[in-house]
Amino acid sequence: MSALQIMFDALSLGSLYALGALGIALIFGVMRLVNFAHGDVIAFCVFALLWPSVDAIAIVFAGNLPWFLLIPFVLVMGAGLSVLCEFVVFRRFRNTNPATMMIASFALGFVIRYFLLMLFSSRPKSISLLPELSQPVTVLGARIPLLQLITILVTVGVLVGLTVFLRRTRFGLEMRAAAENFTMARMLGVRANRVIMVAFALSGALAGAIALILGSQTGTANIVMGANVMLMAFIATVIGGMGSLAGAVLAGFLLGASATLLQALLPPEARAFRDAFVYGAVILVLIFRPQGILSARGMKERV
Amino acid sequence: MKKLMTMLAATTCLAGPALADDERIVVGFATAQTGFMQGYDKPAEDAAMIRIKEINEAGGLLGKQIEVVTADTKTDMAEGAKAGLSVVDQGADLVVVSCDYDFGAPAALAAESLGVISFFICAESVKAGIQGVGPNSFSASVLAAVQGATMAEWSYKQKNARTYYRLLDTWTEYNKGICDGFDWMLPQLPEAKLVGEDTFLNEDASIAAQISRIKALPEEPDAIMLCSMMPGFVSAVKQIRAAGINSMLLNGSGADGSYWMSAVPDLSNFFVPAQGSVFGDDPNPDVNAFVKKYEETTGAPPATQYTFPGYVMIDVWAKAVERAGTTETAAVVAELEKMNAEPTLFGPRTFTPELHHQNKAEYRIIGTENGKPAVVDSWTISEPIPLEALMK
């Protein structure tokens with residue numbers, strides 16, 4: 001297999017994990033909360049395209065919209081659900097300790113998942129989402145499905161957009177201030193609720209983006225479909241440095257790259273255990289650099 | 001005082017055991033009415049109920065009407081054990097358990113410990129029977145290995161496939177069973193060559209690396225044996241076709257049905273084995289009549305071929321009970337073990353004292369062209385798969 005082909009495969013899987021990690025890191029940055037409901041928000045966004053039914057066949061309703069309406073619809077659904085979670089659940093836990101908030105997010109994730117279970121049953125349903133993206137295109141001699149190329153481009157675009165937003169706009173400044181020192185930021189006039197709500201909305205929109213990619217790539221709507229990405233995203237956030245957005249993205253790419261490389265290079269007998277090697281590498285990173293690859297300012301333990 | 005005690009002792013003899021009630025014949029369904037296994041158990045149960053109704057309308061079994069009791073396993077293994085005990089308590093002479101070895105075993109083991117015969121309604125692992133439960137346990141379906149072997153032999157002999165690629169989804173025993181059967185058959189096909197193999201996880205969002213490996217082969221393989229099941233196999237098929245790989249795609253019965261085909265529009269060159277066709281075009285008109293009857297009873301045609309084993313299960317059990325003249329476990333098991341190529345609506349069924357499952361079966365080959373599945377052929381493997389190959 002050509003190195004270029006492997007590189008594209010690694011980049012596209014890494015982009016998916018990086019988007020997930022961004023969603024987690026955004027909320028962690030402002031609230032010190034690891035949002036374990038993120039995976040279920042992803043699943044919700046895909047099911048938002050279907051009409052509730054427990055049949056084996058999916059009844060596609062919003063999924064039939066043309067792409068320029070479909071994509072904003074999913075992003076808005078994701079942002080909307082996320083903001084709703086903020087209003088209903090996380091706002092009550094604003095001043096509790098992080099462990100309590102984490103448990104609350106777990107519970108919220110369960111509620112969302114079982115709500116979907118009630119409406120759709122646990123049988124995975126097949127959907128055809130953005131089928132035009134399944135065509136292969138040839139880039140620099142490597143054959144890559146259009147969807148993967150778009151994933152990479154979207155991730156780069158999102159990163160650039162977020163960086164501009166955080167560094168150049170007032171709101172971004174407020175978010176960064178809140179992430180560094182929430183209490184001081186409030187004292188200096190930053191509207192806490194607004195900042196947090198925007199963080200949730202962005203995180204929810206990112207979940208929507210992941211839902212579109214996963215739905216289009218796998219052709220399946222499954223109530224546990226966000227769990228795998230959520231786990232990888234969480235790990236990426238941790239090894240990238242809790243609170244560092246750049247670290248989360250970098251770690252996401254590294255995780256995707258190592259999973260792809262191992263799949264491509266391991267001998268056949270060992271390939272089934274590829275994930276064991278990936279997580280082994282994660283453990284090594286945490287042993288030698290517990291604060292993460294790129295730690296945010298203020299997160300290092302000061303004796 | 002002594003007289004009172006003697007009288008009391010005498011009356012206790014009148015209280016017989018609650019279990020063995022010779023006045024009723026009871027089938028107990030210790031299956032999933034809720035949770036994800038319900039999607040697989042319920043259709044087979046509905047088919048079983050059709051057969052039970054047919055027998056009752058024809059006069060019943062041993063002159064008695066068959067009664068049905070149920071207990072929900074809730075797709076949970078601990079609840080499964082409770083469900084098994086519950087149906088036996090309600091007088092079940094036959095305990096029907098879930099369509100998967102792991103989820104059905106707790107109830108089956110409960111039945112086994114109480115000496116009651118159990119039937120996995122459609123489990124396809126070799127463990128669903130003597131090997132994983134005990135000597136009174138059976139499975140109503142056909143081993144996964146037979147599916148892999150059937151596709152290998154059929155594609156070789158009928159489609160002249162010579163180069164094969166093996167792609168295994170390591171998630172369940174069912175998937176590994178399909179590939180075990182494929183591995184056993186392939187060396188017996190003289191010119192067949194395995195040009196490569198790979199594995200993936202059912203939940204992998206992307207199998208790009210696996211696809212790149214197939215693309216890197218000097219020539220596209222004639223056939224790709226995909227040992228996978230819902231939902232991962234849909235994703236795999238979609239990505240394989242999206243990458244421009246047009247090889248014949250062979251699967252197990254887990255890919256039967258058209259309910260998932262909206263994910264891969266205009267799919268072609270895709271083949272699965274099925275015990276009968278759910279599309280109304282089976283060469284056996286009785287199968288088509290059954291599909292119609294199922295549609296009338298439940299409101300929709302069967303989604304997959306996994307409804308059929310439910311019907312076969314009641315059919316063979318009832319025949320064994322008639323021949324034994326009793327529902328007593330040992331007698332019924334003995335009659336079942338005598339069945340050699342016993343004709344059923346969906347093909348011959350054989351049970352032996354060593355194997356309470358099918359290691360050879362007549363399969364319909366369902367081929368999909370342009371998104372339309374239809375029966376293209378029928379195939380039975382040339383010899384049954386030996387136990388050693390199954391127990392790998």
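Since the structure is predicted, the reported quantities are computational estimates derived from the model, not experimental observations.

Details of the overall build of chain A
When helices and strands are counted, chain A shows 12 helices and six strands. Against the 2.2 N^0.38 benchmark of 19 Å for 303 residues, chain A shows a C-alpha radius of gyration of 19 Å, consistent with a compact globule. By residue count, 51% of the 303 residues in chain A fall in the buried class. With the model as given, the accessible surface of chain A reaches about 13600 Å², and the carbon-plus-sulfur share is 71%. Side-chain charges of chain A comprise 21 positive and 10 negative groups, with the mean position of each set lying 10 Å from the other.

Focus: the interface of chain B and chain A
Listed as interface residues are 35 residues of chain B and, on the opposing side, 36 residues of chain A. Summed over both sides, the interface between chain B and chain A buries roughly 2900 Å², with carbon and sulfur atoms accounting for 53% of that surface. It is B:Arg213, B:Lys238 and B:Tyr259 that lose the most area in chain B upon contact with chain A, and together they represent 19% of the buried surface on that side. Between the two partners, chain B and chain A, sit two salt bridges. Measuring nitrogen to oxygen at the nearest pair gives 3.0 Å for the salt bridge that ties B:Asp204 to A:Arg274. At the surface where chain B touches chain A, the tally comes to 12 residue pairs in polar contact (both at pLDDT 80 or more). Contributing elements (two or more residues each) for the side of chain B that touches chain A: helix 2 (38-57), strand 7 (193-200), helix 7 (208-215) and helix 8 (232-242) of chain B. Here the residues of the side of chain B that touches chain A sort into 17 nonpolar, 11 polar and seven charged.

Concerning the side chain of B:Asp282
Residue and element names in this part refer to chain B. With respect to the secondary-structure elements, Asp282 resides in the loop between strand 10 (270-274) and helix 9 (285-298). There is a polar contact of 2.9 Å between the side chain of Asp282 and the backbone nitrogen of Ser277. Excluding residues within four positions of it along the chain, Asp282 makes contact with Gly276, Ser277, Val287, Asn288, Arg364 and Val375.

Observations concerning the domain arrangement of chain B
All names here are of chain B. The domain boundaries assigned to chain B delineate domain 1 (25-142 + 287-358) and domain 2 (145-274 + 363-390). Each of domain 1 and domain 2 was reduced to a C-alpha centroid, and the two centroids are 29 Å apart. Counting residues at the interface gives 13 residues for domain 1 and 15 residues for domain 2. Each partner contributes to the roughly 1100 Å² buried at the junction of domain 1 and domain 2, and carbon and sulfur atoms together form 63% of this total. Area buried by domain 1 at its contact with domain 2 is led by Glu124, Val142 and Gln305, which between them contribute 35% of it. Viewed at the interface, domain 2 and domain 1 are joined by zero salt bridges. Across the contact surface, domain 1 and domain 2 share three residue pairs in polar contact (both at pLDDT 80 or more).

Description of the nonpolar core
In terms of nonpolar packing, the biggest core is built from 85 residues, with B:Phe119, B:Trp317 and B:Leu336 touching the most fellow members. Per-element tally for this core: the top contributor is helix 10 (residues 308-324) of chain B, with 10 residues. The two domains that each donate at least three residues to this core are domain 1 (25-142 + 287-358) and domain 2 (145-274 + 363-390) of chain B. Not counting residues within four places of it along the chain, the set of residues in contact with B:Trp317 comprises B:Ile25, B:Val27, B:Leu61, B:Asp93, B:Leu94, B:Ile117, B:Phe119 and B:Val332. Counting 60 residues, the second-largest nonpolar core is a separate cluster that includes A:Ala18, A:Ala37, A:Ile127 and A:Ala199.

Section: the state of the cysteines
Following the criterion strictly, the structure yields two disulfides over all chains and no others. In this model B:Cys179 forms its disulfide with B:Cys227; the gap between the sulfur atoms is 2.0 Å. The chirality of the disulfide connecting B:Cys179 with B:Cys227 is right-handed, given an S-S dihedral of about 95 degrees. Of the two residues, B:Cys179 sits in helix 6 (residues 173-185) while B:Cys227 sits in strand 8 (residues 223-227), which places them 48 residues apart along the sequence. When its relative accessible area of 0% is taken as the criterion, B:Cys227 is described as buried. Ordinal numbering of bonded cysteines along chain B defines a disulfide pattern of 1-2, 3-4. A:Cys85 supplies the cysteine sulfur nearest to A:Cys45, a cysteine that is in no disulfide, at a spacing of 10 Å.

Here we look at a nonpolar patch on the surface
All names here are of chain A. A cluster of nonpolar side chains, contributed by Leu65, Trp67, Phe68 and Leu69, occupies part of the molecular surface with about 430 Å² of accessible area. For Leu69, the position within the fold is in helix 3 (residues 67-88). Take Leu69: its relative accessible area is 43%, and that puts it in the partly exposed class.

Quick look at unusual backbone geometry
All names here are of chain B. Residue Pro231 is reached from Met230 by a cis peptide bond, and omega for that bond is -10 degrees. Relative to the assigned elements, Pro231 resides in the loop between strand 8 and helix 8. The backbone of Lys74 shows a phi angle near 55 degrees, a positive value even though the residue is not glycine. Following the sequence through the fold, Lys74 ends up in the loop between strand 2 (66-72) and helix 3 (77-89).

What counts, and where the lines are drawn
Residues numbered from 1 in each chain as written. Chains lettered and ligands numbered in written order. Predicted model: local features only at pLDDT ≥ 70, side-chain atom pairs only at ≥ 80, totals over all residues. Heavy atoms only, no water. Helix = DSSP H or I, 4+ residues; strand = E, 2+ residues; numbered from the N terminus. Rg over C-alpha atoms; globule rule 2.2 N^0.38 Å. Buried < 20%, exposed > 50% of the residue type's maximum accessible area, 1.4 Å probe, protein only. Areas by Shrake-Rupley, 256 points an atom, 1.4 Å probe, with all protein chains shown as cover. Lys, Arg positive; Asp, Glu negative; His and termini not counted. Charge placed at Lys NZ, Arg CZ, Asp CG, Glu CD. Contact = heavy atoms within 4.5 Å. Buried area = accessible area lost by both parts, 1.4 Å probe. Salt bridge = Lys/Arg side-chain N within 4 Å of Asp/Glu carboxyl O. Polar contact = N/O pair within 3.5 Å; in protein donor to acceptor, adjacent residues only side chain to side chain. Nonpolar A, V, L, I, M, F, W, Y, C, P; charged D, E, K, R; others polar. Domains from an automatic or database assignment. Core = buried A, V, L, I, M, F, W, Y, C linked by side-chain atoms within 4.5 Å. Disulfide = S-S within 2.5 Å. Patch = residues over 30% accessible without salt bridge, like charges linked within 9 Å, V, L, I, M, F, W, Y side chains within 5 Å.

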